[in-house]
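Understanding the architecture of this molecule
Each chain is listed here by its residues.
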Amino acid sequence: MHRQGGASATVIVVSRHRPRELERCLSALTRQTHPHLEVVLVADPASLQTLPDLPLKRVSCDVPNISVARNLGLALAAGEVVLFIDDDALAEPGWALALTRPFADPRVMAATGFTRGPDGLAWQVRAERITPSGQSYEIEVSEAQFLGPEEGAPVSTVGTNCAFRRSTLLEIGGFDPAFAYHLDESDVNLRLAERFPVRLTAVIPEAEVIHGLAPGVSRAVVGVPHDLSAIGRSTAFFAARHGGDVDWLRQAQRQRLLRHMVAGRLDPLQVGSLLATLESGIAEAAAAGVPPDPVWTHPAPPAFQPFPASPPGAEFIWGWHWNARKLRARAADAVAEGKLVTLLLLTPTFLPHRLTLRDGGWWEQYGGVWGASRPGDSHMILMTRSARIAREWGFFAAVRR
């Protein structure tokens, strides 16, 4: 199904009881520039009809198991490449196209992009490798690279910003339901590397998403965990299958909890009980034993269902925050004309910048003329308003035009 513009692609979105985040995620996908895209939504019954006018393939799933849900989406996917994004993430307009392009090289079996944090500007994850113990470590990547495993550690494809060649993913059985949460895509990375040892994973910096930290199965607000059993169970399964160990996990999670405690986000009396849930998960996995590798048994998917690509044209609007009402009206008009719109609202302060997708459909960046707006920025950047506008316009031109 190769056409001019690249391989056909299916974006799979899994959502469970987060309708607000899901609506914003799907809205961002309507602004993708990929010309041969379809979208599959796997969601709880109440969320399944979110944005009902969008031409989505929809399947109901209310099971707290990300691998089960992703396999249901994969069974409906007719694209040559399947992409995954979390329901609390926002894809930049060129994300799907950038993440799909590497698959023109037959050696590429997977791809991953760069992921920004909830403020929309600082990096959350860039390029990493994953070890047989489930421990990730950062690697230096500044431009697109195609990489194989090193010392048993393949590139880690971040779950909210990743893509796979559908045929290879099916050949290893898809996602393993033994990983209900945590390391589900990392297990895929290891099994793909074992099955296709000379194939490559593409790291594509320009394939960007903004990832929130919405409450979920094991964390409350601001990323504070309330149960570590799923992490313990998945890591123990992972290490047993791939020949690693879990000794590192105990120390890492203890340090994580202590950081939250020192920051005042976690009651000191909760640290011990949370670490006990970690041990419970590890023990549960040990008692269950190593799960067998999954086998794909689903029938062929229904026909490809085209998702409308965003029309060409982009507009960058800027001004002082006290003119926000007028500027937002202008942004709304530009969106109605079918344009990809970024609105920059400035304050005469050192306020750090934040970026989000507004309900009206435009990207809105808010911050001080002298505030940090890029990873590595100092807290104070002395520049004129004109220089600031030129700086942010350059980013807009690189990412959204």
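Nothing here was measured: the structure is a model prediction, and the numbers come from that model.

Attention shifts here to the UniProt feature "domain: Glycosyltransferase 2-like" (unreviewed entry) in the chain. Under the UniProt annotation, the feature "domain: Glycosyltransferase 2-like" (unreviewed entry) is placed at residues 10-167. When the span residues 10-167 is considered, its composition is 19% helix and 32% strand, and the gap between its end C-alpha atoms is 13 Å.

Okay, the pairing of strand β13 (residues 314-320) next. Sheet topology note: the β13/strand β14 (residues 340-347) ladder contains seven bridges and is parallel. Bridging across to β14, E315 finds its partner in V341.

With that settled, the discussion passes to the nonpolar core. Ranked by internal contacts, the top residues of the largest apolar core, which has 33 residues, are V11, V13, L26, L29, L83, I85 and W95. Broken down by secondary-structure element, the contributors of at least two residues to this core are β1 (9-15), α1 (19-29), β2 (37-43), β4 (81-86), β5 (89-91), α3 (95-100), β6 (108-116) and β12 (200-211). When neighbours within four sequence positions are excluded, V13 is seen to be in contact with L22, C25, L26, L29, V39, V40, L41, V42, I85 and D87. Formed by 25 residues, the second largest nonpolar core is a distinct cluster that contains V14, L76, A77 and F84.

Let us now look at the pairing of β2. The buried fraction of β2 is high, at seven of seven residues. Because side chains alternate across β2, one face comprises the buried residues L37, V39, L41 and A43, and the other comprises E38, V40 and V42, equally buried. Pairing geometry for β1 and β2, over seven bridges, is parallel. Each bridged residue has a counterpart across the sheet, and for V11 the counterpart in β2 is V39. Between the parallel elements β1 and β2, the chain passes through α1 in a crossover that is right-handed.

Tallying each qualifying case throughout the model produces one cavity of 30 Å³ or more. Of the pockets and cavities examined, the largest cavity occupies roughly 40 Å³. Forming the walls of the largest cavity are I12, V14, I66, R70, F84, I85 and D86. Of all elements in the fold, only β1, α2 (66-76) and β4 reach the threshold of two or more residues within the lining of the largest cavity. When the residues that make up the lining of the largest cavity are grouped by side-chain class, the tally is five nonpolar, no polar and two charged.

Basis of the calculations
Residues numbered from 1 in each chain as written. Predicted model: local features only at pLDDT ≥ 70, side-chain atom pairs only at ≥ 80, totals over all residues. Heavy atoms only, no water. UniProt positions renumbered as here; feature names shortened; annotations may be inferred. Helix = DSSP H or I, 4+ residues; strand = E, 2+ residues; numbered from the N terminus. Pairing = 2+ DSSP bridges. Core = buried A, V, L, I, M, F, W, Y, C linked by side-chain atoms within 4.5 Å. Buried < 20%, exposed > 50% of the residue type's maximum accessible area, 1.4 Å probe, protein only. Contact = heavy atoms within 4.5 Å. Right-handed = clockwise from strand over helix to strand, strands pointing away. 1 Å grid on protein atoms, 1.4 Å probe; cavity = no way out; pocket = protein on both sides within 12 Å on 5 of 7 lines; lining within 4 Å. Points joined across faces, edges and corners; volume = space filled by probe spheres on them. Nonpolar A, V, L, I, M, F, W, Y, C, P; charged D, E, K, R; others polar.

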